[in-house]
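Chain residues, written in single-letter form:
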Amino acid sequence: MKIVVCIKQTPDSEAKLTAQDGQPSWGDAPLVINPFDEYAVEGALQQKEAVDASVTALCIGPDSARDALKHALAMGADEAILVSDPALDALDSAGAARVLAAAIQKIGDAGLAFFGRQTIDNGTGLVPAQVARVLGWPLLSLVGQMTLADAEIKVERTIEEGKQTAHASYPAVLSIMQGVGEPRYPSFMGIRKAGKAEIPVWTLADLGLEAPAQIVRRAELLNPPARDTKCEIISGGSPAEIAEALAEKILAEKIL
Amino acid sequence: MNTWVYIDHFNGQPTPASWEALGLAKTLGPATALVFGQNVAALAKTALEYGADTVLLADDPALAVFSPEAFTSTLAALVSDSAPALILFPTTSRTRELAAMLSIDLASGVLVDVTGLEVLDGQVVATRPVYEGKLLEKTTCAARPQLVTLRARAFPRPAPSAGRAGEIQTVPAQADGSVVVEGFVSGQAGVSLSDAGVVVSGGRGVSSDPAEGFRLVAELASVLGGAVGASRAAVDEGYIPYANQVGQTGKVVSPDLYIAAGISGAIQHMSGMRSSKVIVAINKDPDAPIFQSAQYGVVGDLFTMIPALSEAFKKKLGKS
Ligand SMILES: Cc1cc2nc3c(=O)[nH]c(=O)nc-3n(C[C@H](O)[C@H](O)[C@H](O)COP(=O)(O)OP(=O)(O)OC[C@H]3O[C@@H](n4cnc5c(N)ncnc54)[C@H](O)[C@@H]3O)c2cc1C
Ligand SMILES: Nc1ncnc2c1ncn2[C@@H]1O[C@H](COP(=O)(O)O)[C@@H](O)[C@H]1O
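Conventions we followed
- Residues numbered from 1 in each chain as written.
- Chains lettered and ligands numbered in written order.
- Predicted model: local features only at pLDDT ≥ 70, side-chain atom pairs only at ≥ 80, totals over all residues.
- Heavy atoms only, no water.
- Helix = DSSP H or I, 4+ residues; strand = E, 2+ residues; numbered from the N terminus.
- Contact = heavy atoms within 4.5 Å.
- Areas by Shrake-Rupley, 256 points an atom, 1.4 Å probe, with all protein chains shown as cover.
- Pairing = 2+ DSSP bridges.
- Axes fitted to C-alpha atoms, helices over the stretch in contact; angles between N-to-C directions.
- Buried area = accessible area lost by both parts, 1.4 Å probe.
- Salt bridge = Lys/Arg side-chain N within 4 Å of Asp/Glu carboxyl O.
- Polar contact = N/O pair within 3.5 Å; in protein donor to acceptor, adjacent residues only side chain to side chain.
- Nonpolar A, V, L, I, M, F, W, Y, C, P; charged D, E, K, R; others polar.
- Near = heavy atom within 4 Å.
- Buried < 20%, exposed > 50% of the residue type's maximum accessible area, 1.4 Å probe, protein only.

Novice: Can you help me understand the overall build of chain A in this one?
Specialist: The number of helices and strands found in chain A is seven helices and 15 strands. Once the C-alpha set of chain A is aligned to its principal axes, its extents read approximately 70 × 45 × 40 Å. Considering only contacts within chain A whose residues lie at least 6 apart along the sequence, 70% involve residues at least 24 apart. Surface exposure of chain A reaches about 11400 Å², of which carbon and sulfur atoms provide 50%.

Structural data, given as structure tokens:
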């Protein structure tokens, strides 16, 4: 069986972003594997022995996204596939889901597809559920801990109201959260192996797909309105007097 | 424009942002509320009180526990070629999945976690934060129905009018057994972070006495009727559960008042609370980056400042 882990490349979470002529710019900040997807890779690597599986990292992106796949390989993934095609430049989340679903089917023998919770660029958090629906596989989302048995996948999910336990059978789509544990660092050996790995590139034609229609479109990209960031430091007097003055200021904002 | 509004709930307890969605729908024309679940007839009545003109009610044991698959099939079966042009949802982990699956069944698209919305000739132009709130985009959906999930507290919450009547129409449920929910352990009670008007958060600054630090934070939150948040450092150190984490890998909150105590203001923390109306920072380091984003700051020890602030508010709010 294969566990396919879908990863995306995004600007680093430390990056300062600005909108310039409708395009995002992150200066010279690095592109990295989407932080949430590192948890998905970690989860897959933890489980691969339990189910005697191999781990395939899958990414739709430009040629530069190879680096994100190499990170997954260096962490311990067995193989990586890049889906890249000029026709995929304008892709909405449903389109990405249809392409990922086709690639998962082409990989074959995939019993599980792992996802991050959300990307930190467009950040819709839709893709895992969309892929599940396209494939007709059950969705186990927001998973922290999991136990993979022969016939059954048992998980603990974190939802707003608390923790839920649930199970489903194979094949299934899982989105993974930080409850799986901190992602491992790539080992020295892993980095060497990843450096030498061949990463096949699949085009839409390889997947037998037409470019999906882009239904959701960005009309404009904006810098958020500048906050009035002048901070008024309340000082002078005893803590009680400072607290008094601060409470006064907050009440004057008429927000309570 | 007749807008449909999905009323999200957990065991019959509505997500307050559902009413915000209903309020927004009413500014666009008549509103139809969708209430799915088991034993949720009371919720259908509440939806009428919050302004729905019609409720489509699927009350069925097959919908006792939320299942994105079953709820999607139930909803998709109600949509016809002509209607509706717009379905609104409050953003929760459930509605993200529901809207996502619907976009596949209905060959449409989802605008997620929207904070502003205009309608021009039936076409929604939605504003939403992207890149962890560092930028905003205006976005549209070319297909129908347009599926839009609204960020909690981004739109005004209407006041209910008791006893307001309207039509409740029963609709059939669709079942799906592919995921079996075995059990549930509820998180802490109290005000939900995403819906809270006030959030008081603690960070690694409590480390000299974490239990006492978060007791003080919780006391201030309780005086202000708010919820307790935390930085990831505080969560990673095990001072408080992950459910309280605010930030990029935690919850996104937009309260009217956010008080950060012993939190340095890392970019990943800021992405979870940037849209708060008023930010107050308490930190003993005058150079902590959090002060750059705060309206009010106190340079001092949280272990003395938080209880002093609780006392001050108790007095002023007449709670002593
Ligand atoms: C991919 C990624 C995702 C992340 N996601 C999140 C997230 O979702 N949420 C999040 O919060 N972080 C997140 N982080 C972590 C983030 O980068 C910071 O490490 C974290 O926010 C720091 O928490 P902190 O401010 O409590 O701790 P610190 O940075 O250690 O700050 C502690 C502060 O407390 C002050 N202090 C100490 N003692 C006192 C006292 N007695 N009284 C008053 N002040 C005191 C100090 O001056 C200091 O400013 C993420 C990081 C990465 C890389
Ligand atoms: N271009 C992509 N290539 C591979 N996986 C992706 C891509 N976009 C999204 N995903 C996966 O879907 C998850 C949710 O993404 P999103 O719905 O865009 O927030 C991510 O955490 C990834 O696991």
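Novice: Help me out: how do you make sense of the sheet that holds strand 5 (residues 54-59) of chain B in this one?
Specialist: Within a sheet, neighbouring strands are paired by backbone hydrogen bonds and run either parallel or antiparallel to one another. All names here are of chain B. One open sheet accounts for seven strands, arranged 7-11-6-1-4-5-12; its pairing is parallel. Two strands in the sheet have a free side with no partner beyond their single neighbour: strand 7 (110-114) and strand 12 (167-170). Ignoring which end each strand starts from, the neighbouring axes of this sheet average 25° apart. By the bridge criterion, four bridges tie strand 5 to strand 12 in an arrangement that is parallel. What sits directly across from Leu-56, in strand 12, is Gln-169. Strands in contact with helix 1 (residues 17-26) are strand 1 (3-6), strand 4 (31-37), strand 6 (86-90) and strand 11 (146-150); relative to strand 1, the strand with the most contacts, it is inclined by about 175°. Sheet strands touched by helix 3 (residues 68-76): strand 1, strand 4, strand 5 and strand 6. Its angle to strand 4, the strand with the most contacts, is close to 145°.

Novice: Would you mind going over the interface of chain B and chain A with me for this structure?
Specialist: Quite often, the size of an interface is put as the accessible area lost when its parts meet. Listed per partner, the contact involves 84 residues of chain B and 83 residues of chain A. For the pair chain B and chain A, the summed buried area comes to about 7100 Å², and 58% of that belongs to carbon and sulfur atoms. When the buried surface of chain B facing chain A is broken down by residue, Ile104(B), Tyr131(B) and Tyr296(B) rank first, second and third, together holding 11% of it. Here chain B is connected to chain A by nine salt bridges. Where chain B meets chain A, there are 37 residue pairs in polar contact (both at pLDDT 80 or more). Its residues placed into classes, the side of chain B that touches chain A shows 41 nonpolar, 25 polar and 18 charged. Note that strand 11 (residues 162-168) of chain A and strand 13 (residues 180-186) of chain B share six bridges and pair antiparallel. What sits directly across from Thr165(A), in strand 13 of chain B, is Gly183(B).

Novice: Looking at this structure, how should I read the site of ligand 2?
Specialist: Residues and elements named next belong to chain A. Taken together, the neighbourhood of ligand 2 is formed by 19 residues, with Cys-6, Asp-37, Thr-119, Gly-125 and Leu-126 sitting nearest. At 2.9 Å from an oxygen atom of ligand 2 is found a main-chain nitrogen or oxygen belonging to Gly-116. In the model, an oxygen atom of ligand 2 is placed 2.8 Å from a nitrogen or oxygen of the Thr-119 main chain. Broken down by secondary-structure element, the contributors of at least two residues to the shell around ligand 2 are strand 6 (54-60), strand 8 (110-116) and helix 4 (127-135). Sort the elements by how many residues they give to the shell around ligand 2 and strand 6 lands first, with three residues.

Novice: Help me out: how do you make sense of the site of ligand 1 in this one?
Specialist: Ser231(B), Thr249(B), Ser264(B), Gln268(B) and Asn283(B) are the nearest of the 26 residues found near ligand 1. The environment of ligand 1 is shared, with nearby residues belonging to chains A and B. Ser264(B) has a polar side-chain atom sitting 2.6 Å from an oxygen atom of ligand 1. One nitrogen or oxygen atom from the side chain of Asn283(B) is found 2.7 Å from an oxygen atom belonging to ligand 1. Contact with the protein chains hides 79% of the accessible area of ligand 1, taken as 990 Å² for the molecule alone. Of all elements in the fold, only helix 6 (232-236) and helix 7 (267-270) of chain B reach the threshold of two or more residues within the shell around ligand 1. A breakdown of the residues in the shell around ligand 1 according to their chemical character gives six nonpolar, 15 polar and five charged.

Novice: Sorry if this is basic, but what is going on with the side chain of Thr54(B) here?
Specialist: Among the structural elements, Thr54(B) can be located in strand 5. Excluding its chain neighbours within four sequence positions, the residues that come into contact with Thr54(B) are Ala31(B), Thr32(B), Ala33(B), Glu167(B) and Gln169(B).

Novice: What exactly am I supposed to notice about the pairing of strand 14 (residues 198-202) of chain B here?
Specialist: A regular strand places its side chains on the two faces of the sheet in alternate fashion. Residue and element names in this part refer to chain B. Burial analysis of strand 14 places five of its five residues in the buried class, the great majority of the element. Side chains Val-198, Val-200 and Gly-202 project from strand 14 onto one buried face, and the interleaved Val-199 and Ser-201 project onto a second face that is buried too. Relative to strand 16 (residues 257-261), strand 14 runs parallel, the two being bridged by five bridges. Within the sheet, the bridge partner assigned to Val-199 lies in strand 16 and is Tyr-258. With four bridges joining them, strand 14 and strand 15 (residues 227-230) adopt parallel strand pairing.

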